[in-house]
Amino acid sequence: MNIYWFTGRSMKDLCATTQTSLASGLIERGYDLTFVNSDPELSHEKWPWQHQSIAISTFPGRRSQSLGQNMKHWLRKNNLGKEAFALVDWRIAHILIPELKSRKIPWILIDRSPPADKGLLSLLQWPSWKRSWKRVRDEKSGHGCVVSLKHREFVSTKTGVKQAQITVLPAGVDLEKFTMAERYDTLTMIYHGQLDQHRGVLALPMLLQKARTSGLNVQLILIGEGDCVEGLQAMAATNEYVTVHPTLEQKDLAAILSQCHIGLLPMPERKMWMISSPLKRSEYAASGLLMFGINHDGHRFTSKVKLDWMKLVQQSEFHDEGVKWLQSLEQSHIENLALQSRKYAEEYLAWSHSVDALEASIVSLIAQDS
């Protein structure tokens, strides 16, 4: 079977880990896969899949529309064969699905996150998101994939798509890349991802300050880019216990995580974070980190296993409860909890679970069309 993944995301983007992991998993199971996106030709030579480059507009607000139209034109010029199957990102699905349908190519819509941008760009994206999901709703064999149970409920409520038409593919982790190692001597908290104000990252230096004021020997590492990075870098320049790194390659990120003690989840209780499945959460666990964060569905794991190594609190209590929790941790206790965290990742968080679910959806749709 030849799977074509039509996406607006560049594989050079470090946020493309989900797509590269799922694609690699499908290839390991014997599928041929081609990414169709705007990356330059020959830029995917190091990857195990094929690649088709499509031109895209550089005009803000027109990128997804132009990419989708150009993909449609490419589809019309090329015969993908009888065994073709398409994975289509929601940003371009409303444009491509009619063309795929006319060519009798089965497809699945991929939604890793609804529109999360701020301001005008978000307002422009929501109509496309709804149109794409309504294509799923209105097709007899329509099917889509999301990242969490809450995400599935959100899509169903907003668009009328039946939950049976939606498969959950949570973010996983590469258990060979993210591992445990010897820890820093100083208790170390870490956050990696976008360093944006709306993600709650400005609460983290205050947590550090309150912890140190209480007498704890603790430090904070922040990794990423965003609208808060300049202020955080200025703070780090005068505070030896705060370190700010730019976005890192996965191997370098994994090396730092393996030496830390506590992974932070500060994203507030807002719709966009409540329906998410943060990749960092799985990477923290695989690295044997304890976790501390805001208590909402986007941060909780769905298994019924009791997680003594994870502490989630109300946003209003983030600093006070965080300091109390840090004070309660003893070195031997941390070491034991770290082993439990890693064990949980090994049992529940490998990418193979999401690849299983995606493959099952593909096989089911192929069977319906045969």
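Remember, it's a predicted structure, so these values are computed and weren't measured experimentally.

Procedures and definitions
- Residues numbered from 1 in each chain as written.
- Predicted model: local features only at pLDDT ≥ 70, side-chain atom pairs only at ≥ 80, totals over all residues.
- Heavy atoms only, no water.
- Patch = residues over 30% accessible without salt bridge, like charges linked within 9 Å, V, L, I, M, F, W, Y side chains within 5 Å.
- Areas by Shrake-Rupley, 256 points an atom, 1.4 Å probe, with all protein chains shown as cover.
- Salt bridge = Lys/Arg side-chain N within 4 Å of Asp/Glu carboxyl O.
- Lys, Arg positive; Asp, Glu negative; His and termini not counted.
- Charge placed at Lys NZ, Arg CZ, Asp CG, Glu CD.
- Helix = DSSP H or I, 4+ residues; strand = E, 2+ residues; numbered from the N terminus.
- Buried < 20%, exposed > 50% of the residue type's maximum accessible area, 1.4 Å probe, protein only.
- Pairing = 2+ DSSP bridges.
- Axes fitted to C-alpha atoms, helices over the stretch in contact; angles between N-to-C directions.
- Contact = heavy atoms within 4.5 Å.

1. Section: a positive patch on the surface
A surface patch of positive charge is lined by Lys130, Lys134, Lys158 and Lys271. Along the polypeptide, Lys271 turns up in helix α9 (residues 271-274). Under the relative-accessibility criterion, Lys271 is labelled partly exposed at 48%.

2. Some remarks on the sheet that holds strand β5 (residues 107-110)
Strand order in the open sheet formed by seven strands is β3-β2-β1-β4-β5-β6-β7, and the pairing between neighbours is parallel. What marks the edges here is a single partner per strand, and that holds for β3 (50-53) and β7 (166-168). On average, each strand axis in the sheet is tilted by 25° relative to the strand beside it, whichever way the strands run. Summarising the sheet, strand β6 (residues 144-146) and β7 pair through three bridges and their orientation is parallel. Bridging from a neighbouring strand, Val146 pairs with Val168 of β7. Against the sheet, helix α2 (residues 63-77) makes contact with β1 (2-6), β2 (32-37) and β3, and its axis sits at roughly 155° relative to β1, the strand it touches most. Here helix α3 (residues 90-102) sits on the sheet and contacts β1, β4 (84-89) and β5; the angle it forms with β4, its principal contact strand, is near 150°.

3. Concerning the pairing of strand β11 (residues 262-265)
Consecutive residues of a regular strand have side chains that alternate between opposite faces of the sheet. Because side chains alternate across β11, one face comprises the buried residues Ile262 and Leu264, and the other comprises Gly263 and Leu265, equally buried. Looking at chain direction, strand β8 (residues 187-192) and β11 are connected through two bridges and run parallel. Note on β11: the bridge partner recorded for Ile190 is Gly263. As defined by bridge partners, β11 adjoins strand β12 (residues 290-294) across four bridges and the pair is classed as parallel.

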